[in-house]
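Okay, here's what each chain looks like letter by letter:
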Amino acid sequence: MAYSAIEKNTGVKLHSESGLEKFQQKISSDIDSFMTFSREKSGNAQLREYVTLQPKEYLATQSKAMITITNYLGGQYFFTVDEIQQIESTLLLIETKHSRNALLPAKDDIKDGLLKMILYCNLSGIMMDEALVEHQPVLQLTSDKLRGSINSDSPPEEIDVFFRLNHFNQSRVRAVSSLFAEANANSFTVRIKEAS
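Residues numbered from 1 in each chain as written. Predicted model: local features only at pLDDT ≥ 70, side-chain atom pairs only at ≥ 80, totals over all residues. Heavy atoms only, no water.

Topic: the overall build of the chain
For the chain, the count of helices and strands is 6 helices and 8 strands. Element order for the chain, N to C, with α for helix and β for strand: α-α-α-β-β-β-β-α-β-β-β-α-α-β. The buried share among the 196 residues of the chain stands at 32%. Within the chain, counting contacts between residues at least 6 apart in sequence, those at least 24 apart form 57% of the total. (Helix = DSSP H or I, 4+ residues; strand = E, 2+ residues; numbered from the N terminus. Buried < 20%, exposed > 50% of the residue type's maximum accessible area, 1.4 Å probe, protein only. Contact = heavy atoms within 4.5 Å.)

This is the structure:
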């Protein structure tokens, strides 16, 4: 009843009530079957993300990877990393945000990337091909409008040259400086680079 009232009041066509009722039965009948159902749906969503290239991702390689995070209670959470790169014994987990028309990706996209950095920084270990590997989270911001590149651990002189080369105003300089400070305080890396 309330479901159809929402549809009528908002003018938004919703999924059928029978599908909602089936879902309600599934989640209320048995917690184990609901957990299995939920994991299957999450796993399927992870697979769809894995095979899809988003417009806000500029990837230098075709190395998307699937990550399944398991917590100490046995809960599983399914994520897709935009790129992975192995440098010696360290696996870089790269979350990429891209802009075609601005010097930097949108603030909300950067916030989304920071959320992933929080998750990846707090992983106690990563297994790849059944071996434990060191990992380093990387937030990579790319733009068609940029020239050159900098990292959160670049020397201040290089960062200043990059800002001048790309005509960063004071607001952008402050934003990037804050982002770099956050990265350095929380043990992840930020890369800002041209999309080439």
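Here the narrative resumes, following the displayed structure.
Quick look at helix α4 (residues 107-121)
Think of an α-helix as 3.6 residues a turn; residues three or four steps apart then line up on the same face. For α4, with 15 residues, the first-to-last C-alpha span of 21 Å sits near the 21 Å given by 1.5 Å per residue. Listed as buried for α4 are Asp 109, Ile 110, Gly 113, Leu 114, Lys 116, Met 117 and Tyr 120. In a view along the axis of α4, the buried residues occupy a sector of 160°, so they form one face of it. In α4, the exposed positions that point more than 90 degrees away from the buried face belong to Lys 107, Asp 108, Leu 115 and Ile 118. Buried residues belonging to α4 abut β1 (65-70), β2 (76-81), β4 (90-99), β6 (131-143) and α6 (170-185). (Expected span 1.5 Å × (residues − 1). Arc of directions from axis to C-beta.)

Focus: the packing of aromatic side chains
Both the distance between ring centres and the angle between the ring planes are used here to describe each pair of aromatic rings. Within this structure, the stated rule accounts for 2 aromatic pairs. Measuring from centroid to centroid gives 5.2 Å for Phe 163 and Phe 168, while their planes differ by 25°, and the two rings are stacked. By the burial criterion, Phe 163 is buried, and Phe 168 matches it. Linked through ring pairs, Phe 162, Phe 163 and Phe 168 together constitute an aromatic cluster. (Phe/Tyr/Trp six-rings, centres within 6.5 Å; stacked < 30°, edge-to-face > 60°.)

Some remarks on the confidence of the model for the chain
Note: predicted coordinates in regions of low pLDDT should not be interpreted at a detailed level. Within the chain, residue pLDDT values average 81, and 76% of them lie at 70 or more. Confidence drops under pLDDT 50 across residues 55-61; counting only partners more than four residues distant or on other chains, this segment forms 26 contacts. (pLDDT = per-residue confidence, 0-100.)

Comments concerning the pairing of β1
Two faces, one strand: in a regular strand the side chains alternate between the faces of the sheet. Only one face of β1 is buried, namely the one carrying Ala 65, Ile 67 and Ile 69, since none of Met 66, Thr 68 and Thr 70 on the opposite face is buried. The sheet contact formed by β1 and β2 spans 6 bridges and is antiparallel. Paired with Thr 68 across the strands is Phe 78, a residue of β2. Hairpin remark: β1 followed by β2, antiparallel, with 5 residues in the connecting loop; positive phi at Gly 74, about 90°. (Pairing = 2+ DSSP bridges.)

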